Amino acid sequence: GHALEIAHDRSNLDPRYLRSRVRHGLLPALVAENPRLTEQFASLAEDARALAAFVRKAGSEALVRAGGDFRRLAEESEVARRSAVRQHVESAIGTALRRTHLVALERMLTAGGQVRLPGDFVASLSERGELVLERVTKRGRGSQRPNSE
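This one's a predicted model, so the numbers in the text were calculated from it and none came from an experiment.

Undergrad: Could you give an account of the overall build of the protein, with specific residues and numbers?
TA: What the protein contains, in helices and strands, is 4 helices and 3 strands. In the protein, the succession of helices and strands from N to C terminus is α-α-α-α-β-β-β. Here the C-alpha coordinates of the protein stretch approximately 65 × 45 × 35 Å along the principal axes. Every one of the 149 residues in the protein was classed for burial, and the buried ones make up 25%. Considering only intrachain contacts with a sequence separation of at least 6, the fraction spanning at least 24 residues in the protein is 28%. Accessible surface, the protein as shown: approximately 11,400 Å² in total, 53% of it carbon and sulfur. Averaging the locations of the 25 positively and 19 negatively charged side chains of the protein gives two centres separated by 5 Å.

In structure tokens form, the structure reads like this:
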């Protein structure tokens, strides 16, 4: 095998960092209470990975059933619907969505309107139920509004 030198980062021992306090204080205290804790965490992580794969598959299948009409996702379970919307939008805009975005997108599927998304995108539904993602000009602090002459 390859002999790799272990890198030591002094910040890993610095109690100013949460990760250090968790690693050197909280976890040892929890393991003292339950010596099988790391094994149980590993099992939970394995279950979470399997569940995430199941949810992604359900979302992909829901997208296929919708056939481009995102209003049809209302017929799906909440988990499949959210996964479908998440997969489609994140793939299109290249940015992860927060739960607040997903909730707003779900509301838009039934109530209409627009949803602002990360990366200066706005989502809306076309009359045929297609999810339209458009990049908009950001108008935050310090930006100039167009002249209305």
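Undergrad: Please give an account of the sheet that holds strand 3 (residues 131–135) that cites residues and values.
TA: Through backbone hydrogen bonds, the strands of a sheet pair up, either in parallel or in antiparallel fashion. On the basis of which strands lie adjacent, the open sheet formed by 3 strands has the order 1-2-3 and antiparallel pairing. In this open sheet, the two edge strands, each paired with only one partner strand, are strand 1 (114–117) and strand 3. Pairs of neighbouring strands in the sheet enclose a mean axial angle of 25°, with direction left out of account. Of the pairings in the sheet, the one linking strand 2 (residues 121–125) to strand 3 comprises 5 bridges and is antiparallel in character. Residue pairing across strands places Phe121 opposite Arg135, the latter belonging to strand 3. Together, strand 1, strand 2 and strand 3 form the strand contacts of helix 3 (residues 78–93), whose direction differs from that of strand 3 by roughly 30°.

Undergrad: Account for helix 1 (residues 18–33), with residues named and values stated.
TA: Along its 16 residues, helix 1 runs 21 Å from first to last C-alpha, staying within 8% of the 22 Å computed at 1.5 Å per residue. Considering bend angle alone, the principal kink of helix 1 is centred on Leu26 and spans about 30°; proline Pro28 follows within four residues of it.

So, how was this worked out
- By convention here, each chain's residues receive numbers from 1 onward along its written sequence.
- Totals for whole chains, interfaces and linings use all residues, but because this is a predicted model, local features are given only for residues with pLDDT of at least 70 and pairs of side-chain atoms are given and counted only at 80 or more.
- Only hydrogens and water are set aside when side-chain values are computed; all heavy atoms of the structure are taken into account.
- Starting at the N terminus, helices and strands are each numbered in turn, a helix being any DSSP run of H or I of at least four residues and a strand any DSSP run of E of at least two.
- For each residue, the accessible area found with a 1.4 Å probe, counting protein chains only, is set against the maximum for its type, and the residue is called buried under 20%, exposed over 50%, and partly exposed in between.
- We call two residues in contact whenever any of their non-hydrogen atoms come within 4.5 Å of each other.
- Per-residue and other accessible areas were derived by the Shrake-Rupley procedure at a 1.4 Å probe size, with only the shown protein chains allowed to occlude residues.
- Two residue types count as positive, namely Lys and Arg, and two as negative, namely Asp and Glu; His and chain ends fall outside the count.
- By convention, the point assigned to a charge is CZ for Arg, NZ for Lys, CD for Glu and CG for Asp.
- When DSSP finds two or more bridges between two strands, those strands count as paired.
- Orientation is described by axes fitted as lines to C-alpha atoms, over the contacting stretch for helices, and by angles from 0 to 180 degrees between their N-to-C directions.
- A helix is expected to reach a length of 1.5 Å times the quantity of its residues less one.
- Here the bend at a residue is taken as the angle between two axes, fitted respectively to the seven residues that end there and the seven that start there.

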